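# Coordinate analysis (summary)
Listed here are the chains, written in short residue letters.
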Amino acid sequence: MREHLVNIGITKTKQLQETSIKYVSAKGQANFIMMLIDKEILNEDELAIFRRGRNAKSASMAKNADVTTYRIATGFEAVWGYLYMEKYHERLNQLWTMFIDFVEE
């Protein structure tokens, strides 16, 4: 995320930190993945991974999000990890672009 922000010209430490929060917050991630689900953008495999990640027991709890939002965001991160580990780079890039557009709106 920070690499993207530096590439678009955000280089001051404070501004970089404050801006990155919009992208990496549980709330932002949860809102994005719910939009993907509502618009039926995820395929069946991605939905299954999301559900498994969302429903997995976590050793830690969120500091700045409610439990539901945190679990949905965990599902989001599970999908990202799945796509990366399976080397579905084209799909990951497609969703990454959608995520950037979603957060920057």
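Preceding this section is the structure that the text describes.
Remember, it's a predicted structure, so these values are computed and weren't measured experimentally. (Residues numbered from 1 in each chain as written. Predicted model: local features only at pLDDT ≥ 70, side-chain atom pairs only at ≥ 80, totals over all residues. Heavy atoms only, no water.)

### Concerning the overall build of the protein chain
Rules: Per the convention used, a helix needs a DSSP run of H or I reaching at least four residues, while a strand needs a run of E reaching at least two, with both numbered from the N terminus. For this measure, only C-alpha atoms enter the radius of gyration; the expected value for a globule follows 2.2 Å times N^0.38, where N is the number of residues.
Each helix and strand in the protein chain was counted, giving 6 helices and 0 strands. For the protein chain, the sequential pattern of α-helices and β-strands runs α-α-α-α-α-α. Taking 2.2 N^0.38 as the reference for a compact globule, 105 residues should give roughly 13 Å; the C-alpha atoms of the protein chain span a radius of gyration of 14 Å, in line with that estimate. Considered along the principal axes of its C-alpha atoms, the protein chain spans approximately 40 × 35 × 25 Å.

### Looking at the environment of Leu92
Test applied: Should any heavy atoms of two residues lie within 4.5 Å, those residues are counted as being in contact.
Assignment of secondary structure puts Leu92 in helix α6 (residues 89–104). Sequence-wise, Leu92 and Val79 are 13 residues apart; in three dimensions their C-alpha atoms are separated by 9.2 Å. Dropping the residues within four chain positions of it, Leu92 is found in contact with Trp80, Leu83 and Tyr84.

### Digging into the pattern of salt bridges
As a reminder of what qualifies: A pairing counts as a salt bridge when a side-chain nitrogen of Lys or Arg comes within 4 Å of a carboxyl oxygen of Asp or Glu.
The full count for this structure, using the stated rule, is 1 salt bridge. One salt bridge in this structure joins Arg91 and Glu46, with 2.8 Å as the shortest N-O distance. With Arg91 in helix α6 and Glu46 in helix α4 (residues 44–55), the pair connects residues that are 45 residues apart, well separated along the chain.

### Section: the nonpolar core
How we decide: Among buried residues, the Ala, Val, Leu, Ile, Met, Phe, Trp, Tyr and Cys ones that are joined through side-chain atoms within 4.5 Å form a nonpolar core. Type-normalised accessible area, obtained with a 1.4 Å probe on protein chains alone, sets the label of each residue: buried when under 20%, exposed when over 50%, and partly exposed for intermediate values.
Membership of the largest hydrophobic core comes to 24 residues, with the highest contact counts inside it found for Phe32, Ile33, Leu36, Val79, Trp80 and Phe99. Looking at this core, the elements that each hand over two or more residues are α2 (13–24), α3 (26–38), α4, α5 (67–85) and α6. The element that contributes the greatest number of residues to this core is α5, accounting for 6 residues. Other than its neighbours up to four places away in sequence, Phe99 contacts Tyr23, Gly28, Gln29, Phe32, Phe76 and Trp80.

### Section: the packing of α3 against α6
The condition is simple: Axes, fitted as lines to C-alpha atoms, cover a helix only where it is in contact. Angles between the N-to-C directions of the axes lie from 0 to 180 degrees. Orientation labels follow simple angle bins: below 35 degrees gives roughly parallel, above 145 gives roughly antiparallel, 65 to 115 gives roughly perpendicular, and whatever is left gives oblique. With the far helix as reference, a near helix turned anticlockwise by less than a right angle produces a left-handed crossing, and one turned clockwise produces a right-handed crossing. Each residue receives one of three labels: charged for Asp, Glu, Lys and Arg, nonpolar for Ala, Val, Leu, Ile, Met, Phe, Trp, Tyr, Cys and Pro, and polar for the others, Gly being one of them.
Axis separation between α3 and α6 bottoms out at 11 Å; the angle between their running directions is 120°. When the axis of α3 is compared with that of α6, the two are oblique. Like other packed secondary-structure pairs, α3 and α6 cross with a definite hand, here right-handed. Contacts between α3 and α6 involve Gly28, Gln29, Asn31, Phe32, Met35 and Leu36 from the former and Leu95, Met98, Phe99 and Phe102 from the latter. Taken together, the residues of the contact of α3 with α6 sort by class into 7 nonpolar, 3 polar and no charged.

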